[in-house]
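What the coordinates show
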Amino acid sequence: MQNASFARNASVYVAHWSNKWADLLQVNRTFLTEKGAWALRDWIRRAVAANTPYDEFAKTVLTASGSTFENPAASYMRVLREPDLAMENSTQLFLGVRFNCNKCHDHPFERWTQNQYYDLAAYFVQVGRKPGLVPGDEVIYDAQGGEVSHPRTGEPVAPHFPYEHADVAPDGLPRREQFAYWATSKENPYF
């Protein structure tokens, strides 16, 4: 009797958190196609059922590359196509920080500046996308070029974190991996 109750509760837990993460990651067939939406939903369900640690889950979502049908976590970057939107969503989702008011001006009630907005968006500008081999699929990859320009100066902005912590990413990582490493670090007080 106790095992049946545990299994039922575990099933409810997995269903609840799978639905929650599907909403947060914007699983939507309009953006991902029917096949892509089901693939990402199933991937989320497996991750929740396997009790994947949160830092591992977040890193995978932020850095996934390849076919969105074969590696459904890459669909996160299929939905969030602009660097500013990817950054805004990622900071709110994984850090609990709203980095959108400071897009146009320094935040009046928080410590975040407009410069920090564009410094952080620069981590998401080098996401490449190309059609996959199967109709409706898309391949996500780390591109070699691309910069974010600051709207006030028109100058390219180098990626830079809005605050530092002791856990620094190894040199040479693609920008999304640098962001994921920084964001999910045990040293990051917001994660």
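Scroll up to find the structure.
Residues numbered from 1 in each chain as written. Predicted model: local features only at pLDDT ≥ 70, side-chain atom pairs only at ≥ 80, totals over all residues. Heavy atoms only, no water.

Let's talk about helix H2 (residues 29-49)
For H2, which comprises 21 residues, the first-to-last C-alpha distance of 23 Å sits more than 12% below the rise-based estimate of 30 Å (1.5 Å per residue). For H2, the full list of buried residues reads Leu32, Gly36, Ala37, Ala39, Leu40, Trp43, Ile44, Ala47 and Val48. The distance from a side-chain oxygen at the start of H2 to the backbone nitrogen of threonine 30 is 2.6 Å, and the residue carrying that oxygen is asparagine 28. Asparagine 51 occupies a position one or two residues after H2 and carries a positive phi of about 55°. (Helix = DSSP H or I, 4+ residues; strand = E, 2+ residues; numbered from the N terminus. Expected span 1.5 Å × (residues − 1). Buried < 20%, exposed > 50% of the residue type's maximum accessible area, 1.4 Å probe, protein only. Polar contact = N/O pair within 3.5 Å; in protein donor to acceptor, adjacent residues only side chain to side chain.)

A short note on the packing of aromatic side chains
In the structure shown here, the tally under the stated rule is 18 aromatic pairs. On the numbers, 6.4 Å between centres and 45° between planes, the contact of tyrosine 54 with phenylalanine 94 is tilted. Here phenylalanine 94 lies in helix H5 (residues 83-95) and tyrosine 54 lies in helix H3 (residues 54-63), a separation of 40 residues in the sequence. By relative accessible area, which is 35% here, tyrosine 54 ends up partly exposed. The class of phenylalanine 94 is buried, set by a relative accessible area of 2%. Between phenylalanine 99 and tryptophan 112, the ring centres sit 5.1 Å apart and the planes meet at 45°, which makes this aromatic pair tilted. (Phe/Tyr/Trp six-rings, centres within 6.5 Å; stacked < 30°, edge-to-face > 60°.)

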